[in-house]
Amino acid sequence: MSERTFKTAWFSKAARKARISDKALCKAIEQVARGQADDLGGGVFIDDDELLAFRKLAELYRRKTQAELDAEIGTGALLEICNGD
């Protein structure tokens, strides 16, 4: 995977509370990118409204410039977790 991947500060707290490591997140993201995540399993359900909101958020971040991303990283609003390594 060659894309950089980030998590928000809010998600970082939720992942830490659930004891989900950045390594596990990167592995899951890689599986999603390969199309291997059709069945979320584990009792995870995402309703249509929530899925739409996540898609809008993803599009918002996709359109950000490098300077905007750098600014959010600088303030701690975004944390880079994988970058294709």
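Structure: above.
Residues numbered from 1 in each chain as written. Predicted model: local features only at pLDDT ≥ 70, side-chain atom pairs only at ≥ 80, totals over all residues. Heavy atoms only, no water.

A. Summary view of the overall build of the chain. Secondary structure summary: the chain contains four helices and two strands in total. In the chain, the succession of α and β elements from N to C terminus is β-α-α-α-α-β. Every one of the 85 residues in the chain was classed for burial, and the buried ones make up 13%. Of the contacts made within the chain by residues no fewer than 6 positions apart, 77% connect residues no fewer than 24 positions apart. For the chain, the computed accessible surface area is about 6,900 Å², with 55% contributed by carbon and sulfur atoms. (Helix = DSSP H or I, 4+ residues; strand = E, 2+ residues; numbered from the N terminus. Buried < 20%, exposed > 50% of the residue type's maximum accessible area, 1.4 Å probe, protein only. Contact = heavy atoms within 4.5 Å. Areas by Shrake-Rupley, 256 points an atom, 1.4 Å probe, with all protein chains shown as cover.)

B. Representation of the nonpolar core. Counting five residues, the largest nonpolar core is built from Ala-15, Leu-25, Cys-26, Ile-81 and Cys-82. Secondary-structure elements contributing two or more residues to this core are α2 (22-33) and β2 (78-82). (Core = buried A, V, L, I, M, F, W, Y, C linked by side-chain atoms within 4.5 Å.)

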